[in-house]
Every structure is written in structure tokens, then in C-alpha cells.
Amino acid sequence: MSNTPSQPVLPFLPFALPEIGEEEIAEVVDTLRSGWVTTGPKARKFEEAFGTYLNGGQAGEHGLHCIAVNSATAGLHLALEALGIGPGDEVITTTHTFTATAEVVRYLGADVKLVDIDPATLNIDPAAIEAAITPRTKCIMPVHYAGLAVDMDAIHDIAQRHGLKVVEDAAHALPTTFKGQLVGLHASDAVVFSFYANKTMTTGEGGMLVTRNAELAARAKVMRLHGINRDAFDRFTAKVPSWYYEIVAPGFKYNLTDIAAALGLHQLTRIDGFQVRREQIATRFDEALADLPLVLPPRPQHAGDLHAWHLYVVRLSDEATLTRDQLIDSLFADGIGVSVHYIPLHLHPYWKERYDLQPVQFPHSQKAYERMVSLPLYTRMTDADVERVITAVRKAFGR
Ligand SMILES: *Cc1c(COP(=O)(O)O)cnc(C)c1O
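Residues numbered from 1 in each chain as written. Predicted model: local features only at pLDDT ≥ 70, side-chain atom pairs only at ≥ 80, totals over all residues. Heavy atoms only, no water.

Draft legend 1. Region of interest: the overall build of the protein. Looking only at helices and strands, the protein features 13 helices and twelve strands. Compactness check: the protein gives a C-alpha radius of gyration of 22 Å against a globular reference of 21 Å for 399 residues, within 12% of the reference. Across its three principal directions, the C-alpha atoms of the protein cover 75 × 55 × 45 Å. Counting across all 399 residues of the protein, residues that qualify as buried make up 54%. The contacts in the protein between residues at least 6 apart in sequence include a share of 72% that link residues at least 24 apart. (Helix = DSSP H or I, 4+ residues; strand = E, 2+ residues; numbered from the N terminus. Rg over C-alpha atoms; globule rule 2.2 N^0.38 Å. Buried < 20%, exposed > 50% of the residue type's maximum accessible area, 1.4 Å probe, protein only. Contact = heavy atoms within 4.5 Å.)

This is the structure:
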């Protein structure tokens with residue numbers, strides 16, 4: 001073995017990295033020094049700032065309730081709980097998602113009806129939703145896969161005709177627009193964003209539940225913190241004696257800390273810039289990979305709409321001669337971190353066994369899964385990193 005390789009070995013390019021700046025760090029330090037580290041003034045400020053952001057930068061009365069939580073999973077759970085979903089109920093969602101979307105339904109003792117995707121968008125297929133509705137169906141949970149908006153007109157049309165609730169899993173969708181309106185503003189019962197480490201903005205762990213329904217918001221706030229009718233910061237700052245509170249339900253422990261909210265305050269001010277950089281990288285990938293036997297990611301169906309580009313997912317086309325696993329092995333060998341989004345829920349033992357699911361029930365998700373690879377796409381990638389990914393993908397195809 002030689003100590004002097006003929007070519008410099010490039011460091012491994014991770015699949016995802018968060019972009020945390022000095023302002024985020026300073027705000028976290030300020031929180032640590034302030035004496036108030038759990039849910040308090042910064043969490044509240046973050047909730048206000050999030051509502052203002054969704055409202056196009058206009059503060060004040062916009063009717064959006066933003067409820068900061070310690071994960072999107074928690075936010076989805078709170079939304080369904082507040083809607084009264086429980087045993088005997090069915091909730092329809094896509095098989096092509098992360099298990100969090102579906103598991104929260106099981107937390108509540110309700111059943112999950114998984115349905116197939118539209119292969120053109122990789123989003124839940126409205127026709128499949130319609131076909132899965134039974135008298136037990138209570139709610140639809142669309143997922144804006146990769147950051148591409150679900151056709152919310154189609155979802156709301158179905159929901160209205162069948163009297164169903166809609167809870168959007170918007171974990172990938174900040175900022176995403178459908179027909180010019182940000183995800184978060186459409187007429188759903190609740191919309192939940194994720195600030196997990198690899199999402200389009202991060203608080204380490206965190207999420208935001210957004211709703212226009214004041215009753216749902218009130219219930220979610222109580223259930224977010226043990227079913228207490230006043231939160232700790234209320235008690236700390238209120239004029240009435242601070243020791244007194246009442247438990248009105250067996251709640252959860254889902255509050256977002258001020259340490260996390262400190263990160264979120266600054267990430268949120270940068271989110272539009274992040275989207276611009278993600279879009280730039282996606283556009284460069286599109287142009288440099290166009291001649292390969294790949295199906296490139298779908299673009300928004302309405303001109304001018306924003307794609308959040310949480311993920312850049314390519315699929316091997318029917319003419320491709322290498323397999324998905326060969327493509328992944330080749331990219332890893334060249335030091336490129338990649339992933340697969342997702343191993344569909346119908347293939348996981350729990351979901352498969354619980355509902356006796358077979359791949360033939362989900363032909364589009366199954367085919368997409370067998371052919372898909374997510375390439376690295378994040379704001380900290382340099383132009384040279386982007387070109388390196390392109391070179392490695394082209395090399396895998398012998399180009
Ligand atoms: C990340 C993710 C979640 C869960 O988000 P957490 O904040 O980690 O709980 C839910 N749904 C989808 C589609 C996700 O990608």
C-alpha cells in the first residue's frame with residue numbers, strides 16, 4: 001500500500017448538513033445566559049414570527065395559530081387528538097412517506113389506510129384516496145413529498161364531499177406554494193412543519209402546528225404540556241399567584257425549548273434565501289443529468305409555484321441498465337452520501353403485518369422505491385460539491 005495516492009482523496013460528502021450561522025449561535029448563547037432555557041419568551045416569539053412569515057411578512061391579526069412543538073411527529077399527534085380521532089376511525093395517507101405520518105394515527109388507536117401515489121408527482125393520488133374512503137374514514141393526511149405541493153384543490157374537494165378533516169404533513173414543505181399560496185395557508189384543519197436536523201430549516205428537533213381553528217389550537221396547547229391549563233411561562237409572568245394550575249386532560253410533553261426556538265428565530269429569517277440556493281442546485285442537477293436514463297424530479301404543476309426542494313429524488317428510467325443498488329454503490333464509492341425516500345410503509349414489518357399489505361396494492365410507490373435515489377441537496381454544498389455529485393452520477397452511467 002502506498003502512502004502517496006496518485007489522486008487526492010476527497011472527503012466524504014454527507015447526504016445532508018444543517019446551515020447554522022453565527023446569529024443562531026449567539027441567540028442560543030443569549031438564551032443560555034438568560035436564565036430561561038425551556039419554553040418561554042423565545043418560543044413565543046418564534047411562534048409569532050412563524051405566523052408573520054406565513055402571512056407574507058405582515059404581523060398582526062391573520063387568524064393563524066402557530067404552536068411550537070418538539071417535533072413534527074408531536075404536532076401531527078396533537079392535531080389528530082384535537083380533532084377527536086380515536087378508536088374505530090380511519091385516516092388515509094400515502095404509503096410513500098416516513099413512518100411518523102402514520103404512527104400518530106396508531107397512537108390514538110385509530111386505523112391507517114395507506115394508499116398509492118401518483119407516479120408523476122410522487123404525491124398521494126387523489127383517486128386512490130377517493131377509492132379508500134369508508135364510513136369510518138375521518139381524515140386525510142397528505143404529505144408534500146420532497147417539497148412539491150400536493151394538489152390541495154383535489155384534496156379539499158374530496159374532504160368537502162365526504163365530510164373529512166385534512167391534516168397536512170408539511171415536514172418537507174417550507175417554503176412551498178400551491179397556486180401562489182404558501183403551504184400553511186390552505187383551508188385545512190391543521191398543517192405541521194418539521195425542524196428536524198436535515199429539513200429545510202432546523203431547530204435541532206422541533207416542529208410547528210399551524211391552524212386557523214381557535215378551538216383546535218386551544219386543545220393542542222393544553223395537550224402540548226401535560227394537559228395543564230397554563231404553561232410554565234404564563235405561571236412565571238402572570239399577576240395571579242404562580243403556584244396554581246389545573247390538569248384538565250392526560251396531556252403530553254411536546255413543548256419546544258427556548259434553546260431550540262432561538263435557532264428557529266434566525267433560521268426562519270434565512271428560509272427564503274435557503275430556498276433560492278436549493279432551487280439553484282436543483283436546476284443545475286436538472287440540466288446536467290437531463291441526458292441520462294433518469295426520471296428527474298417533477299416540477300410544480302402551476303407556473304410560478306415554489307418547490308421547497310427538501311429532497312432531489314431521481315428515478316432510473318425503464319431504459320437504464322444499472323439497478324438502484326448499483327447506482328448507490330457507485331456513488332458511495334465516489335464518496336457521495338445518498339439516501340432513499342422512502343422504503344414505503346407497506347414494506348415495513350409493522351405496517352405490512354398490521355394491515356396485511358402487499359406491494360401489488362401500491363404499484364406506483366413500489367416501482368418508484370425500486371428505482372429511486374435521493375441525491376445530496378443542501379445550502380452548504382459549494383458549486384464544486386454540486387459538480388462532484390454530477391460527475392459521480394454521470395460516471396455511474398459510464399458517461
Ligand atoms: C421528518 C418527517 C416527519 C417527522 O418530523 P420530526 O420533526 O422528526 O418529528 C414527518 N413526516 C415526514 C414526511 C418527514 O419527512
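From this point, things continue past the structure.
Draft legend 2. Just the nonpolar core, in detail. Ranked by size, the top nonpolar core spans 34 residues in total, and within it Leu-80, Ile-85, Val-105, Met-141, Val-167 and Leu-209 carry the most contacts. Of all the elements in the fold, those that place two or more residues in this core are strand S1 (65–69), helix H3 (72–82), helix H4 (99–107), strand S3 (111–115), strand S4 (137–141), strand S8 (190–194) and helix H7 (214–224). Counting residues per element, this core draws most heavily on H3, at six residues. In terms of domain composition, this core takes at least three residues from each of domain 1 (22–268) and domain 2 (271–396). When neighbours within four sequence positions are excluded, Leu-209 is seen to be in contact with His-65, Cys-66, Ile-67, Gly-75, Leu-78, Ala-79, Ala-190, Val-191, Val-192 and Ala-220. Ranked by size, the runner-up nonpolar core spans 31 residues in total, among them Tyr-378, Ala-392, Val-393 and Phe-397. (Core = buried A, V, L, I, M, F, W, Y, C linked by side-chain atoms within 4.5 Å. Domains from an automatic or database assignment.)

Draft legend 3. Focus on the sheet that holds strand S5 (residues 165–169). An order of S1-S9-S8-S5-S4-S2-S3 is seen for the seven strands of this open sheet, with the pairing classed as mixed. A single partner strand is all that each edge strand has here, and the edge strands are S1 and S3. For this sheet, the mean angle separating the axes of adjacent strands, direction not counted, is 20 degrees. The pairing of S5 with S8 spans three bridges and is classified as parallel. (Pairing = 2+ DSSP bridges. Axes fitted to C-alpha atoms, helices over the stretch in contact; angles between N-to-C directions.)

Draft legend 4. Looking closely at the UniProt feature "active site" (unreviewed entry) in the protein. Annotation from UniProt places "active site" (unreviewed entry) at Lys-199. Residue position: Lys-199 is located in the loop between S8 and strand S9 (207–211). Not counting residues up to four positions away in its chain, the partners in contact with Lys-199 are Ala-171, His-172, Ser-194, Arg-278 and His-310. (UniProt positions renumbered as here; feature names shortened; annotations may be inferred.)

Draft legend 5. Focus on the side chain of Ser-188. Within the element layout of this structure, Ser-188 appears in the loop between strand S7 (181–182) and S8. Within polar-contact distance, the side chain of Ser-188 engages the side chain of Glu-168 at 2.5 Å. (Polar contact = N/O pair within 3.5 Å; in protein donor to acceptor, adjacent residues only side chain to side chain.)

Draft legend 6. Broad picture of the pattern of salt bridges. In the structure shown here, the tally under the stated rule is 26 salt bridges. Linking Arg-161 and Glu-130 is a salt bridge whose minimum nitrogen-to-oxygen distance equals 2.8 Å. With Arg-161 in helix H6 (residues 152–162) and Glu-130 in helix H5 (residues 126–132), the pair connects residues that are 31 residues apart, well separated along the chain. Given the relative accessible area of 29%, Glu-130 is considered partly exposed. Note that Asp-334 and Lys-395 form a salt bridge whose closest N and O atoms lie 2.8 Å from each other. (Salt bridge = Lys/Arg side-chain N within 4 Å of Asp/Glu carboxyl O.)

Draft legend 7. Examining the site of the ligand more closely. Around the ligand, the surrounding shell holds 15 residues, and the nearest of these are Thr-73, Asp-169, His-172, Ser-194 and Lys-199. Taking Ala-72, its main chain carries an N or O atom lying 2.8 Å from an oxygen atom of the ligand. Here an oxygen atom of the ligand sits 2.7 Å away from a polar atom, N or O, in the side chain of Ser-194. Relative to its unbound accessible area of 380 Å², the ligand is 93% covered by the protein chains. (Near = heavy atom within 4 Å. Areas by Shrake-Rupley, 256 points an atom, 1.4 Å probe, with all protein chains shown as cover.)

Draft legend 8. Quick peek at the sheet that holds strand S12 (residues 372–375). Taken in spatial order, the three strands of this open sheet run S10-S11-S12, and their pairing is antiparallel. Of all strands in the sheet, those bounded by a partner on one side alone are strand S10 (294–295) and S12. As paired elements, S10 and strand S11 (residues 312–316) share two bridges and run antiparallel to each other. The residue bridging Leu-294 from the neighbouring strand is Leu-316, located in S11. Contacting S10, S11 and S12, helix H9 (residues 258–289) crosses the sheet at an angle of about 20 degrees to S11. Strand contacts of helix H10 (residues 324–333): S11 and S12, with the helix running at about 25 degrees to S12, the strand carrying the most contacts.

Draft legend 9. Representation of the packing of H9 against helix H13 (residues 383–396) in the model. Two elements in contact, H9 and H13, have axes whose closest approach is 10 Å; the angle formed by their N-to-C orientations is 30 degrees. Viewed along their axes, H9 and H13 adopt a mutual orientation that is roughly parallel. Crossing angle aside, the handedness with which H9 passes H13 is right-handed. Along the contact surface, H9 presents Arg-277, Ile-281, Arg-284, Phe-285, Ala-288 and Leu-289, while H13 presents Asp-383, Val-386, Glu-387, Val-389, Ile-390, Val-393 and Arg-394. Residue classes in the contact of H9 with H13 are distributed as eight nonpolar, no polar and five charged. (Parallel < 35°, antiparallel > 145°, perpendicular 65-115°, else oblique. Left-handed = near helix turned anticlockwise from the far one by under 90°. Nonpolar A, V, L, I, M, F, W, Y, C, P; charged D, E, K, R; others polar.)

Draft legend 10. Representation of the domain arrangement of the protein within the structure. For the protein, the assigned domains are domain 1 (22–268) and domain 2 (271–396). Spacing between the C-alpha centres of domain 1 and domain 2 amounts to 26 Å. With 41 residues of domain 1 at the interface, the matching set in domain 2 holds 39 residues. Counting the contacts that link domain 1 with domain 2 gives one salt bridge. Note that Arg-354 is salt-bridged to Asp-111, the shortest N-O span being 3.1 Å. In this structure, the connection of domain 1 to domain 2 is made through 27 residue pairs in polar contact (both at pLDDT 80 or more).

Draft legend 11. The packing of aromatic side chains, seen in detail. A complete count under the given rule lists 13 aromatic pairs for this structure. Between Phe-252 and Tyr-254 the ring centres are 5.2 Å apart and the planes differ by 20 degrees, which places this aromatic pair in the stacked class. Among the aromatic residues, ring-to-ring pairing joins Phe-46, Phe-50, Phe-193 and Phe-195 into one connected group. The lysine or arginine in question, Arg-324, covers the ring of Tyr-369, its NZ or CZ lying 4.7 Å from the ring centre. (Phe/Tyr/Trp six-rings, centres within 6.5 Å; stacked < 30°, edge-to-face > 60°. Lys NZ or Arg CZ within 6 Å of the ring centre and 35° of its normal.)

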